[in-house]
Amino acid sequence: MALYAAAAAVMAGVESRQGSIKGLVYASRFQNVKQLYALVCETQRYSAVLDAVIASAGLLRAEKKLRPHLAKVLVYELLLGRGFKGGGGRWKPLLNRHQARLKAELARLKVHRGVSRNEDLLEVGCRPGPASQVPRFVRVNTLKTCSENVIDYFKRQGFSYQGRASSLEDLRALKGKCFLLDPLLPELLVFPVQTDLHEHPLYQAGHLILQDKASCLPAMLLAPPPGSHVIDACAAPGNKTSHLAALLKNQGKIFAFDLDAKRLASMATLLARAGVSCCQLAEEDFLAVSPSDQRYHQVQYILLDPSCSGSGMVTRQLEEPGAGTPSKERLHALAGFQQRALCHALTFPSLQRLVYSTCSLCQEENEDVVRDALQQSAGTFRLAPVLPSWPHRGLSTFPGAEHCLRASPETTLTGGFFIAVLERVEVPSSFSQAETSAPELTPSPAPKRKKRRRCKAAAAPSTLLPRT
Ligand code: SAM
């Protein structure tokens, strides 16, 4: 499909809620994904301006065969873009017939609004915001390679390695073919904003995982040692699962659950590509997974990254600038599920440490959920004080909330995120079970941590368990 027709089809799909811009661009099978994505995003950004110009120029009345989405893309290219690509094909002569009128309408709109630059016509929320400054973070998959090898590979490809960053300013200043090592995560490389590595051979081979820095924190903070048993409660599409497997060095077990069969299928592909062999996937409702099931009696670590409003997602902020917060009803429903999932997770008898995370900025899905779950756990769990130097903390809505972490383009140069680390409060051995405040959550005799087992070579691929 030609570029402009593909862009119009993506825009129509977004309007009829068939998916996000990114999802539809990838589904379109258009070869130059980057070019198509940029064109759709820019056209959407100027959507209101284009609608006004097209209407006042009478373009759709004059050209009955021109569909509205295609007209918008073409007028964007003519007036605001860099001119028609590949000559513009059969659309160029058609648009040229209306060029003078369209230009005059754009000029009139600027006079009317008292501005001189095209960009000043945008609503405030549509102007490039901090989300567009978030660099490209790339996690090195240590199941397949190491940072040194990847750095050498990029250097041989003409990239310039600038060493380990010492501040956010170093990340902000990145440009051209330069890259850095993140100051906090040793396996995280940082490239300039526009870098696209989807077609890169190291990504295709599973040596690199394209993952925002904030989304790397949950597995890093859960920090399960090799050999341990871990539950990833809402796991697909699996970036955090593959990170957990890398921390486990494929030794131990990850029980990964998700409800969505399609997402699980792409997760199985992702895990296979990443060389993960210690994970069992199950198409199952986490709320229905029994904590008393013997299979999970050694689980000491749980990662809970449940469905959320996604209000902190950078792609969302770029695709729908100015998109408001979710409705009260939606927030209420999401927070209800998150709360049930967190309380359920805390009832696993051997659980020692849990990370709760969302890519939402809403207090209802974050601090409120954690506060209520801690209250219900009646002193059995507490918030672990983590990363004291992290600049953006939880909203102080209850005592201890400052132990939670928040992230945002403005404060941490990452996507918007929330993370809380909950750890079991050790009960002094002199206390009997009857004396503890929440006997139902007291761990059954904690399994002694096993000695590290050596990784057997070429372990079996991750298995996809049938729905139970
Ligand atoms: N942790 C994932 C990652 O890093 O790739 C992202 C998880 S996504 C935010 C939330 C996932 O929860 C979705 O894939 C959704 O299908 C799944 N989900 C929603 N309700 C669930 C439930 N009751 N049990 C298990 N998974 C659920």
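The structure displayed is predicted, hence computed values, not measured ones.

Participant: What am I meant to see in the site of the ligand here?
Facilitator: Taken together, 19 residues lie near the ligand, and Lys-240, Asp-258, Arg-263, Asp-285 and Asp-305 sit nearest. A distance of 3.4 Å separates an oxygen atom of the ligand from a polar atom in the backbone of Pro-237. Protein contact buries 87% of the 600 Å² of open area that the ligand shows by itself. A breakdown of the residues in the shell around the ligand according to their chemical character gives nine nonpolar, three polar and seven charged.

Participant: Help me out: how do you make sense of the pairing of strand E3 (residues 178-181) in this one?
Facilitator: Where a strand is regular, its side chains alternate between the two sheet faces. Taken together, the three bridges between strand E2 (residues 160-164) and E3 define a ladder with parallel strand orientation. Among the inter-strand pairings, Arg-164 is bridged to a residue of E3, identified as Leu-181. Where E3 meets strand E4 (residues 188-191), two bridges bridge the pair, whose relative direction is antiparallel. Bridging from a neighbouring strand, Leu-181 pairs with Leu-189 of E4.

Participant: What is the right way to read helix H12 (residues 239-248) from this model?
Facilitator: Note: α-helices contain 3.6 residues per turn, so residues at a spacing of three or four share the same orientation. Counting buried residues in H12 gives eight out of 10 residues, a clear majority hidden from the surface. Looking at H12, one finds that the buried residues are Lys-240, Thr-241, Ser-242, His-243, Leu-244, Ala-245, Ala-246 and Leu-248. With its phi angle positive at about 55°, Lys-249 sits one or two positions after the end of H12.

Participant: Is there a simple way to think about the packing of helix H1 (residues 3-15) against helix H6 (residues 68-80) in this case?
Facilitator: Axis angle and axis distance: for two packed helices, these are the angle between their axes and the distance between the axes, and together they describe the pair. Their axes nearest at 8 Å, the elements H1 and H6 cross at an angle of 125°. Between H1 and H6, the angle is such that the two are oblique. Where H1 crosses over H6, the handedness of that crossing is right-handed. Facing H1, whose interface residues are Tyr-4, Ala-5, Ala-7, Ala-8, Met-11, Ala-12 and Glu-15, H6 presents His-69, Leu-70, Lys-72, Val-73, Leu-74 and Glu-77. Residue composition of the contact of H1 with H6, grouped by class: nine nonpolar, one polar and three charged.

Participant: Looking at this structure, how should I read the sheet that holds E4?
Facilitator: In sheet architecture, strand pairing relies on hydrogen bonds along the backbone and comes in two forms, parallel and antiparallel. Pairing is mixed across the open sheet formed by five strands, whose spatial order is E2-E3-E4-E1-E5. Bordering the open sheet on either side are E2 and strand E5 (208-210), each of which pairs with just one other strand. The average angle at which neighbouring strand axes cross in this sheet is 30°, direction not considered. Most of the contacts of helix H8 (residues 147-156) go to E4, to which it runs at about 25°, and overall it touches strand E1 (136-140), E2, E3, E4 and E5.

Participant: Is there a simple way to explain the packing of aromatic side chains in this structure?
Facilitator: In this description, an aromatic ring pair is defined by two values, namely the gap between the centres and the angle between the planes. Tallied over the full model, the rule gives 14 aromatic pairs. Taking 5.2 Å as the distance between ring centres and 45° as the angle between the ring planes, the aromatic pair formed by Tyr-161 and Phe-179 counts as tilted. Of the two residues, Tyr-161 sits in strand E2 while Phe-179 sits in strand E3, which places them 18 residues apart along the sequence. Under the relative-accessibility criterion, Tyr-161 is labelled partly exposed at 27%. Overall, the relative accessible area of 0% leaves Phe-179 in the buried class. Judged by centre distance (6.4 Å) and plane angle (65°), the rings of Tyr-296 and Phe-348 are edge-to-face. Of this pair, Tyr-296 sits in the loop between strand E8 (279-283) and strand E9 (299-304) while Phe-348 sits in the loop between helix H15 (328-345) and strand E10 (353-358), and the two are 52 residues apart along the sequence. An aromatic cluster is built from Phe-154, Phe-159, Tyr-161, Phe-179 and Phe-191, whose rings are joined through pairwise contacts. Here Lys-22 stacks its cationic end above the ring of Tyr-37, 5.3 Å away from the centre of that ring. Between the NZ or CZ atom of Arg-273 and the centre of the ring of Tyr-203, over which it lies, the distance is 4.8 Å.

Reading the values: the criteria
Residues numbered from 1 in each chain as written. Predicted model: local features only at pLDDT ≥ 70, side-chain atom pairs only at ≥ 80, totals over all residues. Heavy atoms only, no water. Near = heavy atom within 4 Å. Polar contact = N/O pair within 3.5 Å; in protein donor to acceptor, adjacent residues only side chain to side chain. Areas by Shrake-Rupley, 256 points an atom, 1.4 Å probe, with all protein chains shown as cover. Nonpolar A, V, L, I, M, F, W, Y, C, P; charged D, E, K, R; others polar. Pairing = 2+ DSSP bridges. Helix = DSSP H or I, 4+ residues; strand = E, 2+ residues; numbered from the N terminus. Buried < 20%, exposed > 50% of the residue type's maximum accessible area, 1.4 Å probe, protein only. Axes fitted to C-alpha atoms, helices over the stretch in contact; angles between N-to-C directions. Parallel < 35°, antiparallel > 145°, perpendicular 65-115°, else oblique. Left-handed = near helix turned anticlockwise from the far one by under 90°. Contact = heavy atoms within 4.5 Å. Phe/Tyr/Trp six-rings, centres within 6.5 Å; stacked < 30°, edge-to-face > 60°. Lys NZ or Arg CZ within 6 Å of the ring centre and 35° of its normal.

Geometric values such as these leave the question of function open.
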